[in-house]
Amino acid sequence: MVRINEHYLKLQAGYLFPEIGRRVNQYISANPGKNVIKMGIGDVTLPLVPAVVKAFHEGVDEMAKAETFKGYGPEQGYAFLREAIAKNDYKDKGIDISADDIFISDGSKCDTGNIQEIFGHDNKIAICDPVYPVYADTTVMAGKTGRYNSGHFEGIIYMPCTKENSFIPELPKEIPDLIFLCYPNNPTGAVASKEELKKWVDYATKNKSIILYDAAYEAFITENDVPHSIYEIEGARQVAIEFRSFSKTAGFTGTRCAFTVVPEELKAYDPEGKALSVKPLWNRRHTTKFNGVSYPVQKAAAAVYSEEGKKEVSEVIAYYMENARIMKESLTRAGYEVFGGVNAPYIWARTMNGMSSWDFFDKLLNEANVVGTPGSGFGPAGEGYFRFSAFAGRENTIEAMERIKRLK
Ligand code: MLT
């Protein structure tokens, strides 16, 4: 008799975003013709920029000719893309990361889940509350937790991120082995300063922990002194893995390309306490379970670093951040308490009159035909909050804000 992985039974019914999609589709079926504006899942709406499209086409054309056709590529990614990343995202900014530390993948969602596989089963994992749900759900799927209880899984160390701590968690008293951090933060839009990140790097160093740093939103940073990479912090190469993505940065949510940085010096321990390099393990996993991102997609991603690509992508990001500015201003004027939206494409707002997050979701959907994400879907500390994404078109953004202003 075949048995299921019973840990899946501990998971909540549906992953947050499909659940929102289900409720929205139900509403649309019952109310055909309503113009529902979606600001829920952080999915981009502007097309790929011309420099990226051109390179994408060239990649496809190369695949169409015998002389330039390519079969399997290197699992870790083509050197031209790894080198472009190392140069533009790191070396040119004074950060010591080489092409060899970079592993190209089809998404940070997969990488942040898959990374746990190379670490021991007994590791204690710390995550923020509220948090991008993938970190918790994949920990559960891997069988590293107990039951679900009042919004938390037993066995995970939850680090509350509240208005009082500016959505930056305190260093946990119970020492974790793996620490998920995400800055600019999804869902709160908060950022961590260099001083704050330094505290985490020192804490990880002292406790022989590893920080799993999700920097998927670094391109949206507008303020000068905010760190874009954990490797801007001294000592981070020894204790941190960084995840980055072209999804939001360059509109690749449907195209799929991301990367994970695992520096040479990063170590974890065998059962005898001997320090071993982590990179060969991730390389082993990657080359065994993954056959690389398609050549045209990698060509397209490399074009993000061309002169035209950089200019065009920065214009798209500025467009989304102007949406964020409009939203932040409109919601504040409408009387909402609002966070984020300055260095991240997410606005984190208190619900109206202390409503629960899901009640507010229903009210907004039914009365304003606007969709957002209930804060409680990211964890119990998100209760009473609501997340709006800044990725809608400008007209829809303005229209949604007008409708919210008119809400009774
Ligand atoms: C979000 O809305 O939180 C993100 O779009 C989800 C993701 O990147 O997987």
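Provided above is the structure to which this section pertains.
My aim in this report is to walk through the structure given alongside it, one point at a time. In this text, all values refer to a predicted model and were calculated from it rather than measured experimentally.

A few points about helix H5 (residues 133–141)
Then, in step 1: Of all nine residues that make up H5, seven are buried, and the element is covered over most of its length.
Then, in step 2: For H5, the complete set of buried residues consists of Pro-133, Val-134, Tyr-135, Ala-136, Thr-138, Thr-139 and Val-140.
Then, in step 3: The positive-phi residue at the C-terminal boundary of H5 is Gly-143, with phi of around 80 degrees.

Section: the site of the ligand
Then, in step 1: Every residue close to the ligand is listed here: Phe-17, Ile-41, Gly-42, Tyr-132, Asn-186, Tyr-217, Lys-248, Tyr-346 and Arg-387.
Then, in step 2: One of the side-chain nitrogen or oxygen atoms of Asn-186 is found 2.8 Å away from an oxygen atom of the ligand.
Then, in step 3: Here an oxygen atom of the ligand and a side-chain polar atom of Arg-387 are 2.7 Å apart.
Then, in step 4: Across the complex, the protein chains shield 85% of the 270 Å² of accessible surface that the ligand would expose by itself.

Some thoughts on the pairing of strand E9 (residues 240–245)
Then, in step 1: Burial analysis of E9 places six of its six residues in the buried class, the great majority of the element.
Then, in step 2: Burial along E9 is two-sided: the face carrying Ala-240, Glu-242 and Arg-244 and the face carrying Ile-241, Phe-243 and Ser-245 are both buried.
Then, in step 3: Of the pairings in the sheet, the one linking strand E8 (residues 210–214) to E9 comprises four bridges and is parallel in character. For Asp-214, the partnering residue across the bridge sits in E9 and is Phe-243.
Then, in step 4: Looking at chain direction, E9 and strand E10 (residues 258–261) are connected through four bridges and run antiparallel. Pairing of Phe-243 across the sheet is with Thr-260, part of E10.

A short note on the packing of aromatic side chains
To describe a pair of aromatic rings, you give the distance between the ring centres and the angle between the ring planes.
Then, in step 1: Evaluated as defined, the whole model comprises 27 aromatic pairs.
Then, in step 2: Aromatic side chains Phe-167 and Tyr-385 sit 6.2 Å apart centroid to centroid with 85 degrees between the ring planes, which places their arrangement in the edge-to-face category. Taken as a pair, Phe-167 in the loop between strand E6 (156–160) and strand E7 (178–182) and Tyr-385 in strand E17 (residues 385–389) lie far apart in primary sequence, 218 residues in all. In this structure, Phe-167 and Tyr-385 share a single accessibility class: buried.
Then, in step 3: Relative to Tyr-203, the ring of Trp-200 lies with its centre 5.9 Å away and its plane at 70 degrees, an arrangement referred to as edge-to-face.

Description of the nonpolar core
Soluble globular proteins tend to bury their nonpolar side chains together.
Then, in step 1: In terms of nonpolar packing, the biggest core is built from 127 residues, with Ile-211, Ile-241, Phe-246, Phe-252 and Phe-388 touching the most fellow members.
Then, in step 2: Looking at this core, the element that brings in the most residues is helix H11 (residues 307–333), giving eight residues.
Then, in step 3: A domain split of this core shows at least three residues from each of domain 1 (6–47 + 308–405) and domain 2 (53–306).
Then, in step 4: Those residues in contact with Phe-246 that sit more than four places away from it in its chain are Leu-81, Ile-85, Gly-251, Phe-252, Cys-257, Ala-258, Phe-259, Ala-301, Val-304 and Tyr-305.

Observations regarding helix H3 (residues 79–90)
Because an α-helix completes one turn every 3.6 residues, residues spaced three or four positions apart along the sequence face the same direction.
Then, in step 1: With twelve residues, H3 should reach 16 Å at 1.5 Å per residue; the first-to-last C-alpha distance of 15 Å fits that figure.
Then, in step 2: Buried within H3 we find Leu-81, Arg-82, Ala-84, Ile-85, Ala-86, Asn-88, Asp-89 and Tyr-90.
Then, in step 3: Contacts made by the buried residues of H3 are with strand E2 (102–105), E9, helix H8 (246–250), E10, helix H10 (295–302) and H11.

About the thresholds
- The numbers attached to residues start from 1 for each chain and follow its sequence in the written order.
- Only residues with pLDDT of at least 70 are given local features in this predicted model, and only at 80 or more are side-chain atom pairs given and counted; all residues enter the totals for whole chains, interfaces and linings.
- Calculated side-chain values reflect all of the structure's heavy atoms, with hydrogen atoms and water omitted.
- When accessible area is computed with a 1.4 Å probe and restricted to protein chains, residues below 20% of their type maximum are described as buried, those above 50% as exposed, and intermediate ones as partly exposed.
- Only DSSP runs of H or I reaching four residues or more are called helices, and only runs of E reaching two or more are called strands; each is numbered from the N terminus.
- Proximity criterion: a residue is near a molecule or strand once any of its heavy atoms comes within 4 Å of it.
- What qualifies as a polar contact is a pair of N or O atoms within 3.5 Å, subject to a donor-acceptor requirement within protein and to the restriction that residues adjacent in sequence count only when both atoms come from side chains.
- Accessible surface area values rest on a Shrake-Rupley calculation with a 1.4 Å probe, where residue burial reflects the displayed protein chains alone.
- In this analysis, strands are considered paired if DSSP registers two or more bridges between them.
- Any two rings among Phe, Tyr and Trp, with Trp reduced to its six-membered ring, count as a pair given centres within 6.5 Å; such a pair is stacked if its planes are under 30 degrees apart, edge-to-face if over 60, and tilted if neither.
- Among buried residues, the Ala, Val, Leu, Ile, Met, Phe, Trp, Tyr and Cys ones that are joined through side-chain atoms within 4.5 Å form a nonpolar core.
- In this document the domain limits rely on a domain assignment from an automatic tool or a database.
- Here, two residues are considered to be in contact whenever any of their heavy atoms come within 4.5 Å of each other.
- One fewer than the residue count of a helix, multiplied by 1.5 Å, yields its expected span.

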